[in-house]
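# Summary of structural features
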Amino acid sequence: MKKLIQELLKGNKGAAAKLISIIEDDAKKRKEILKALKPHTGSAHIVGITGAPGSGKSTLIDSLIRLLRKNKKTVGVIAVDPTSPITGGSILGDRIRMRNHSMDDGVFIRSMAAGGSLGGLSKTAFDAALALDALGKDIIFIETAGVGQSETAVKDIVHTVAVVITPGLGDDIQMMKAGIMEIADIFVVNKADLKNAEETAKSIEDMISLLPQKRKRPGVILTVASEGKGIERVLEEIEKH
């Protein structure tokens, strides 16, 4: 294990993959690994990407990776997938969407099963992110599995939370304001080529006006992630935050 840690600190993606598997499967060794890696963490910006199923979280991350790599930044992704009822593992949908980056040495993508954990997260998602921090990644995305109104756990383990919303929610946004809507540092209205995108953005702006004044107002950005539209603005908001 000591050799794997040394290799990870040299930037070896294979060693990182093996150590994350140990982190997932062995609680005792997980503590040892994290203790050894801790002095080498603290440089990465960890960003949570959350939202309802089908909102386009994976497509958004895929487009952000493309832009970050163009800017010479390295990227890690922990994609928390629904748990397979057959194997107990992750269904791997998110990794498939990001497969264009799989051969890029500057990108590390790992799918993890949510298991019985709440909030759309795996219980070891943050620990895996720390391993990617020690690997030297500049920015790390933790993508939750599709979440509902009250699943806000991602807020506790990241520096910045982006909540992805699709047009047409209407009054549902008001109903959500006591839950996931309150944790956002950035709102991304994705699939903005659909009807009612502007109205959805306006509803979010109205909801934001009701938040406590001491809190920094979250940005609201319209995107069409599948076409790369609005992605530069999302990255600007992430970096600003």
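Only a predicted model underlies this, so the values are computations on that prediction, with no experimental measurement involved.

What counts, and at which threshold
- Residues numbered from 1 in each chain as written.
- Predicted model: local features only at pLDDT ≥ 70, side-chain atom pairs only at ≥ 80, totals over all residues.
- Heavy atoms only, no water.
- Core = buried A, V, L, I, M, F, W, Y, C linked by side-chain atoms within 4.5 Å.
- Buried < 20%, exposed > 50% of the residue type's maximum accessible area, 1.4 Å probe, protein only.
- Helix = DSSP H or I, 4+ residues; strand = E, 2+ residues; numbered from the N terminus.
- Contact = heavy atoms within 4.5 Å.
- Axes fitted to C-alpha atoms, helices over the stretch in contact; angles between N-to-C directions.
- Parallel < 35°, antiparallel > 145°, perpendicular 65-115°, else oblique.
- Left-handed = near helix turned anticlockwise from the far one by under 90°.
- Nonpolar A, V, L, I, M, F, W, Y, C, P; charged D, E, K, R; others polar.
- pLDDT = per-residue confidence, 0-100.
- Pairing = 2+ DSSP bridges.

## Here we look at the nonpolar core
Soluble globular proteins: nonpolar side chains tend toward being buried together. Formed by 46 residues in total, the largest nonpolar core has its most connected members in Leu-8, Ile-78, Ile-142, Val-163, Phe-187 and Ile-204. Counting residues per element, this core draws most heavily on helix H6 (residues 125–135), which supplies 8 residues. Counting 25 residues, the second largest nonpolar core, distinct from the first, contains Ile-49, Ile-65, Leu-68 and Val-234.

## Re the environment of Leu-235
Within the element layout of this structure, Leu-235 appears in helix H9 (residues 231–240). Leu-235 gets classed as buried once you look at its relative accessible area, which sits at 4%. Setting aside chain neighbours within four positions, we find Leu-235 in contact with Leu-64, Leu-67, Leu-68 and Asn-71.

## What to know about unusual backbone geometry
Although it is not a glycine, Lys-72 sits at a positive phi angle of roughly 70 degrees. Within the secondary structure layout, Lys-72 lies in the loop between helix H4 (57–70) and strand S2 (75–81). Lys-72 sits in the exposed class, given a relative accessible area of 69%. Despite not being glycine, Asn-196 shows a phi value in the positive range, around 75 degrees. Structurally, the position occupied by Asn-196 is in the loop between strand S6 (186–189) and helix H8 (197–208).

## With respect to the packing of helix H2 (residues 13–25) against H6
At a minimum axis distance of 10 Å, the contact between H2 and H6 shows a crossing angle of 155 degrees. As judged from the angle between their axes, H2 and H6 are roughly antiparallel. Helix-helix and strand crossings are classified by hand; for H2 and H6 the assignment is right-handed. Only Asp-127, Ala-128, Ala-131, Leu-132 and Leu-135 of H6 make contact with H2, whose side of the interface consists of Ala-16, Ile-20 and Ile-23. Along the lines of polarity and charge, the residues of the contact of H2 with H6 split into 7 nonpolar, no polar and 1 charged.

## So, the packing of helix H1 (residues 2–9) against helix H3 (residues 27–37)
It is the contact of H1 with H3, at a shortest axis distance of 11 Å, that shows an interaxial angle of 40 degrees. With respect to H3, the axis of H1 lies oblique. Relative to H3, H1 is oriented so that their crossing is right-handed. Between H1 and H3, the contacting residues are Ile-5, Leu-8 and Leu-9 on the first element and Ile-33, Ala-36 and Leu-37 on the second. Classifying every residue of the contact of H1 with H3 gives 6 nonpolar, no polar and no charged.

## A look at the confidence of the model for the protein
Averaged over every residue, the pLDDT of the protein is 85; residues scoring 70 or more account for 82%. When pLDDT is averaged over each element of the protein, H6 comes out on top at 97 and helix H7 (residues 172–176) at the bottom at 53.

## Considering the environment of Ala-52
If you trace the backbone, Ala-52 turns up in the loop between strand S1 (45–51) and H4. C-alpha separation for the pair Ala-52 and Ile-165, spaced 113 residues apart in sequence, amounts to 7.2 Å.

## A short note on the sheet that holds S1
One key point about sheets: their strands pair by backbone hydrogen bonds, in either a parallel or an antiparallel sense. The strand order across the open sheet formed by 7 strands is S3-S2-S4-S1-S5-S6-S7, and the pairing between neighbours is parallel. A single partner strand is all that each edge strand has here, and the edge strands are strand S3 (107–113) and strand S7 (219–222). Neighbouring strand axes in the sheet, compared pairwise and without regard to direction, differ in orientation by 20 degrees on average. Against the sheet, H4 touches S1, S2, S3, strand S4 (139–143), strand S5 (160–165) and S6, its axis set at about 175 degrees to S4.

## Let's talk about the pairing of S4
Buried residues dominate S4, accounting for 5 of its 5 residues. Pairing of S1 with S4, which is carried by 5 bridges, proceeds in the parallel orientation. By the bridge assignment, Ile-49 is partnered in S4 with Glu-143. Sheet analysis places S2 next to S4, joined by 5 bridges and oriented parallel. Note on S4: the bridge partner recorded for Val-77 is Phe-141.

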